[in-house]
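# Structure at a glance
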Amino acid sequence: MTLKPDHAAVFSPPVGGGRFAAGEDPAKRQQILAGAKRVFMKMGFDAASMNDVTREAGVSKGTLYVYFTNKEELFSAMIENERAAFMAAVRTALAEHDDPESGLYEFGISFVTHMTDEKVISAMRTVLGVRDRMPVLCQRFFKGPVNLRTIMREFLEQHIAGGRLEIDDIDLAAGQFLDLASGSFFKLRLFGSMEEPPTREEIDRVIRGAIKVFMAAYGVRRHETA
């Protein structure tokens, strides 16, 4: 028999005596997710088992099931955890720059470097491999309430308000920059046509070209020379 964890209380403060109630210790949860990540990345979703995760994470089976009911739930949590960390890093990269070109550059470098990393490509392939059984996971992974397009839209809105960009269709523009920045790297990596991640020099060349095209279309300076 397995126990269903109360996810709403996962990050509740510890109960009396400084101890967390069962299933509520965030450090233990992260320990399990870190072990699960190593297992899923090495073995894939179908081959991995909850026993493999207990060994890798260094927890008992009873502890594991207090936090996660089954492999599907654990895998979903692991993917969501990784995704949230990346989104936070991208948002920070954009927020640190008042100049749109500098922000787009930092975003582009982070975006392409992350999306072409071997571990991320492996995770993408795993998610795509379980899409028929776990369609909601795929939807959350590739769309989600907070995704790259949402973050890019917020960034563009900020610079439109500041008078540095002029864009009529923000959603279109956000998608255009993502496509320009990724070039063909992501698809080539995902489908195995590019065995190694692109070099920093290759990424830099593509990102600078993407910014040049994007700013030519949406930068306010175009009106000054018109």
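The shown structure was predicted, so the numbers you read here are calculated from the model rather than taken from an experiment.

### Overview of the overall build of the protein chain
Per the secondary structure count, the protein chain includes twelve helices and zero strands. Taking all 226 residues of the protein chain together, the buried fraction comes to 43%. When contacts within the protein chain are restricted to residue pairs at least 6 apart in sequence, those whose partners lie at least 24 apart make up 68%. Accessible surface computed for the protein chain: about 12,300 Å², of which carbon and sulfur atoms make up 53%.

### Focus on the UniProt feature "DNA-binding region" (unreviewed entry) in the protein chain
Feature annotation in UniProt assigns "DNA-binding region" (unreviewed entry) to the following positions: residues 49-68. Across residues 49-68 one finds 75% helix and 0% strand; the C-alpha atoms that close the span lie 13 Å apart.

### A look at the environment of Ser182
Summarising the element assignment, Ser182 is placed in helix α9 (residues 170-182). For Ser182, a relative accessible area of 15% corresponds to the buried category. Spatially, the C-alpha atom of Ser182 lies 9.0 Å from that of Ala210, the residues being 28 residues apart in sequence. When sequence neighbours within four positions are dropped, the list of residues in contact with Ser182 reads Phe111 and Val112. Reaching out from Ser182, the side chain makes a polar contact with the backbone oxygen of Asp179 at a distance of 3.2 Å.

### Describing helix α5 (residues 100-115)
A rise of 1.5 Å per residue sets the reference length of α5, with its 16 residues, at 22 Å; its end C-alpha atoms lie 22 Å apart and thus fit the reference within 8%. Of the residues making up α5, those classed as buried are Pro100, Gly103, Leu104, Tyr105, Phe107, Gly108, Ile109, Phe111, Val112 and Met115.

### Some details on helix α6 (residues 118-129)
Under the 1.5 Å per step criterion, the end-to-end length of α6 is 16 Å for twelve residues, consistent within 8% with the ideal 16 Å. Two to three positions downstream of the cap, the backbone nitrogen of Lys119 sits 3.0 Å from a side-chain oxygen, assigning the N-cap of α6 to Asp117.

### Comments concerning the pattern of salt bridges
By the definition in use, this model includes ten salt bridges. With a closest N to O distance of 2.9 Å, Glu154 and Arg91 form a salt bridge. With Glu154 in helix α8 (residues 148-161) and Arg91 in helix α4 (residues 71-95), the pair connects residues that are 63 residues apart, well separated along the chain. For Glu154, a relative accessible area of 38% puts it in the partly exposed group.

### Regarding the nonpolar core
If you look at the biggest cluster of nonpolar residues, it comprises 37 residues, and the most contacted ones within it are Phe107, Leu156, Phe177 and Phe214. At the level of elements, α4, α5, α6, α8, α9, α10 (185-190) and α11 (200-218) are the ones that each hand at least two residues to this core. It is α11 that provides the largest number of residues to this core, a total of eight residues. Excluding its chain neighbours within four sequence positions, the residues that come into contact with Phe107 are Val90, Leu94, Leu148, Met152, Phe177 and Leu178. Phe40, Leu64, Val66 and Cys138 belong to the second-largest nonpolar core, a separate cluster that totals 27 residues.

### A closer look at the packing of aromatic side chains
For any two aromatic rings, the description comes down to two numbers: the centre-to-centre distance and the angle of the planes. The tally for this structure, following the rule as stated, stands at seven aromatic pairs. Look at Phe107 and Phe111: their rings are 5.7 Å apart centre to centre, the planes differ by 20°, and that puts the pair in the stacked class. With Phe107 and Phe111 both in helix α5 and four residues apart, this pair spans about one turn of that helix. The residues Phe107 and Phe111 share a single accessibility class, namely buried. Over the aromatic face of Phe45 sits the side chain of Lys71, whose NZ or CZ is 4.5 Å from the ring centroid.

### A look at the confidence of the model for the protein chain
Here the protein chain averages 83 in pLDDT, and 84% of its residues register 70 or above. In the model of the protein chain, helix α12 (residues 221-224) stands out as the element of lowest mean pLDDT, 51, in contrast to helix α2 (residues 50-57), which has the highest, 96. Contacts from residues 222-226, a stretch scored under 50 in pLDDT, to residues over four places away or in other chains number four contacts.

Analysis parameters
- Residues numbered from 1 in each chain as written.
- Predicted model: local features only at pLDDT ≥ 70, side-chain atom pairs only at ≥ 80, totals over all residues.
- Heavy atoms only, no water.
- Helix = DSSP H or I, 4+ residues; strand = E, 2+ residues; numbered from the N terminus.
- Buried < 20%, exposed > 50% of the residue type's maximum accessible area, 1.4 Å probe, protein only.
- Contact = heavy atoms within 4.5 Å.
- Areas by Shrake-Rupley, 256 points an atom, 1.4 Å probe, with all protein chains shown as cover.
- UniProt positions renumbered as here; feature names shortened; annotations may be inferred.
- Polar contact = N/O pair within 3.5 Å; in protein donor to acceptor, adjacent residues only side chain to side chain.
- Expected span 1.5 Å × (residues − 1).
- Salt bridge = Lys/Arg side-chain N within 4 Å of Asp/Glu carboxyl O.
- Core = buried A, V, L, I, M, F, W, Y, C linked by side-chain atoms within 4.5 Å.
- Phe/Tyr/Trp six-rings, centres within 6.5 Å; stacked < 30°, edge-to-face > 60°.
- Lys NZ or Arg CZ within 6 Å of the ring centre and 35° of its normal.
- pLDDT = per-residue confidence, 0-100.

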